[in-house]
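What the coordinates show
Each chain, letter by letter, is given below.
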Amino acid sequence: MHLATRVGGSIKKEDVQSAVDRYEKYHVCFGGEEEARKANYSDMVNKYYDLATSFYEFGWGQSFHFAPRWKGESLRESIKRHEHFIALQLGLKPGMKVLDVGSGIGGPLREIAGFSLTSITGINNNGYQISRGEELNRLAGLSHSCNFVKADFLNMPFSDDEFDGIYAFDALCHAPDPVACYREIYRVLKPGQCFAASEWFMTDHFDPNNQSHQKVKAEIELGNGLPDIKTTRECLDALKLAGFEVVWARDLAVGSPIPWYSPLDANRFSITSFRLTALGRWITRTMVNTLEFAGIAPAGSARVSSFLEKAAEGLVEGGRKEIFTPIHFFLARKPLSRS
């Protein structure tokens, strides 16, 4: 019931279906074009998160990202460990001022703040996610150390050299221009400090001339509100063009004991991640359809559930073919002085 009544986020219940129509038309699967997605990325991403956030929280938890996973480790445990890994890579210490770029409802923000005893600001352009994040901050007793700012991460309302560390999880893939995005992060980071991210990219195995590869890419873009997924090489080039020194970078999917896409694999069963299994998704889909028919969930809810399932299929296929990764990690430093 909590899931069904929150579908649409800040969109009025009677407007959800038309919002789904407009969102779908941005994407290749529905005749949309990349340039239109880039030009209207803010509207597209806002609609996506208004429509999808309640499904994310219901199925995945408060941290909307993937993680490399060890044997014997639950999905939630792997996510927390990955967040601690990012904090350690940045060398976060009590008293530091930190920025979470594209913070969602603040799952990583709260985990990292508790782990590192730092003050963290989350920047997010979606009003519904911010209101939900503020509610969860209050429930966690972290309103004194964690806050949110509503803004576009291509135009952040912060001073130059303001933050001691900056990180992002599965968020910068929404940016239509990676170089512009990284330059803005560079601007607000103090000289000598680092920016760490775990992000979504197409790998070197991706062939843009392969139609099945393009189909997978389009399904992932539709189901995740993305204008155009870049390659890992384009990412590293963009960081350098923005002025960063790349300390190290690696696709953490390579060598991970349990594949990152395992929770989404319909052929796999898990008690700890039951909602993500084929049976769990069928139950969710049936529940959403029933509640929509009864008028409790807004019209269009089932279509949101459908394109999220299509995204899951694309993610699993992309992972199996090794043409896509959601856990490409990089650590980049802003030089003390620019030569």
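Everything below is about the structure printed above this text.
Small disclaimer: the values here were computed from a predicted structure and weren't measured.

Considerations on the packing of aromatic side chains
In this structure the tally under the stated criterion is 17 aromatic pairs. Aromatic pair Phe85 and Trp248: ring centres 6.4 Å apart, planes at 80°, arrangement edge-to-face. With Phe85 in helix α5 (residues 75-90) and Trp248 in strand β6 (residues 245-251), the pair connects residues that are 163 residues apart, well separated along the chain. Judged by its relative accessible area of 23%, Phe85 falls in the partly exposed class. Take Trp248: its relative accessible area is 26%, and that puts it in the partly exposed class. Aromatic pair Phe195 and Phe330: ring centres 5.3 Å apart, planes at 75°, arrangement edge-to-face. Of this pair, Phe195 sits in strand β5 (residues 189-202) while Phe330 sits in strand β7 (residues 324-333), and the two are 135 residues apart along the sequence. The burial state of Phe195 is the same as that of Phe330; both residues are buried. Counting every residue linked through ring pairs, the aromatic cluster contains Trp60, Phe66, Trp200, Trp260, Tyr261 and Phe324. If you follow Lys334 out to its NZ or CZ, it ends over the ring of Tyr186, 4.8 Å from the centre.

Points about the side chain of Glu57
Mapping Glu57 onto the fold places it in helix α4 (residues 41-60). Not counting the four nearest positions on each side in its chain, Glu57 is found in contact with Gln62, Phe64, Ile105, Arg132 and Leu136.

Side note on unusual backbone geometry
One non-glycine residue, Asp161, adopts positive backbone phi at about 55°. Along the chain, the position of Asp161 falls in the loop between β3 (146-150) and β4 (163-169). Phi is positive for Glu322, close to 60°, though the residue is something other than glycine. Positionally, Glu322 belongs in the loop between α12 (301-320) and β7.

Some words on the nonpolar core
One finds Phe66, Leu90, Tyr167, Trp200, Ile220, Leu315 and Phe324 to be the most contacted residues of the largest nonpolar core, which totals 43 residues. Of the residues forming this core, the biggest block, five residues, is contributed by α5. Here Tyr167 is in contact with Ile86, Leu90, Val98, Leu99, Asp100, Val101, Pro108, Leu109, Ile112, Ile120, Phe195 and Ala196, once residues within four sequence places are set aside. The next biggest cluster of nonpolar side chains, apart from the first, holds 29 residues, and it includes Val179, Leu189, Phe201 and Cys235.

Re the environment of Ser198
By the element assignment, Ser198 lies in strand β5. Sequence separation of Ser198 and Arg250 is 52 residues, and the distance between their C-alpha atoms is 9.6 Å. Residues in contact with Ser198, not counting those within four places in the same chain, are His82, Ala168, Phe169, Asp170, Pro326, Ile327, His328 and Phe329. Here His82 takes part through its side chain, which lies 2.9 Å from a polar atom of the side chain of Ser198.

What about the pattern of salt bridges?
Applying the stated rule across the entire model yields 17 salt bridges. A salt bridge links Lys190 to Asp164; the shortest N-O distance between them is 2.8 Å. Of the two residues, Lys190 sits in strand β5 while Asp164 sits in strand β4, which places them 26 residues apart along the sequence. By relative accessible area, Lys190 is classed as partly exposed at 30%. Beyond isolated ion pairs, a larger network of salt bridges with shared partners links Arg37, Lys217, Glu221, Asp228 and Lys230.

Comments concerning the sheet that holds β4
Pairing within the open sheet is mixed, and its seven strands lie in the order β3-β2-β1-β4-β5-β7-β6. Strand pairing shows two members of the sheet lacking a second neighbour, β3 and β6, which therefore form its edges. The sheet shows a mean angle of 20° between the axes of neighbouring strands, taken without regard to direction. Alignment of β6 against β7, held across six bridges, turns out to be antiparallel. What sits directly across from Glu245, in β7, is Arg333.

A short note on the packing of α5 against helix α6 (residues 107-116)
At a closest axis distance of 9 Å, the pairing of α5 and α6 adopts a crossing angle of 60°. By the angle class used here, α5 and α6 are oblique. With respect to the hand of their crossing, α5 and α6 are arranged in right-handed fashion. For the pair α5 and α6, contact is made by Lys80, Glu83, His84, Ala87 and Leu88 and by Gly107, Pro108, Glu111, Ile112 and Phe115, respectively.

Here we look at helix α8 (residues 178-188)
Judged by how many residues are buried, α8 sits mostly within the fold: eight of eleven residues are covered. Lining the buried residues of α8 we find β1 (97-101), β4, β5, α10 (232-242) and β7. Capping the start of α8 is the job of one residue whose side-chain oxygen sits 3.2 Å from the backbone nitrogen of Val179: Asp177.

Conventions used here
- Residues numbered from 1 in each chain as written.
- Predicted model: local features only at pLDDT ≥ 70, side-chain atom pairs only at ≥ 80, totals over all residues.
- Heavy atoms only, no water.
- Phe/Tyr/Trp six-rings, centres within 6.5 Å; stacked < 30°, edge-to-face > 60°.
- Helix = DSSP H or I, 4+ residues; strand = E, 2+ residues; numbered from the N terminus.
- Buried < 20%, exposed > 50% of the residue type's maximum accessible area, 1.4 Å probe, protein only.
- Lys NZ or Arg CZ within 6 Å of the ring centre and 35° of its normal.
- Contact = heavy atoms within 4.5 Å.
- Core = buried A, V, L, I, M, F, W, Y, C linked by side-chain atoms within 4.5 Å.
- Polar contact = N/O pair within 3.5 Å; in protein donor to acceptor, adjacent residues only side chain to side chain.
- Salt bridge = Lys/Arg side-chain N within 4 Å of Asp/Glu carboxyl O.
- Pairing = 2+ DSSP bridges.
- Axes fitted to C-alpha atoms, helices over the stretch in contact; angles between N-to-C directions.
- Parallel < 35°, antiparallel > 145°, perpendicular 65-115°, else oblique.
- Left-handed = near helix turned anticlockwise from the far one by under 90°.

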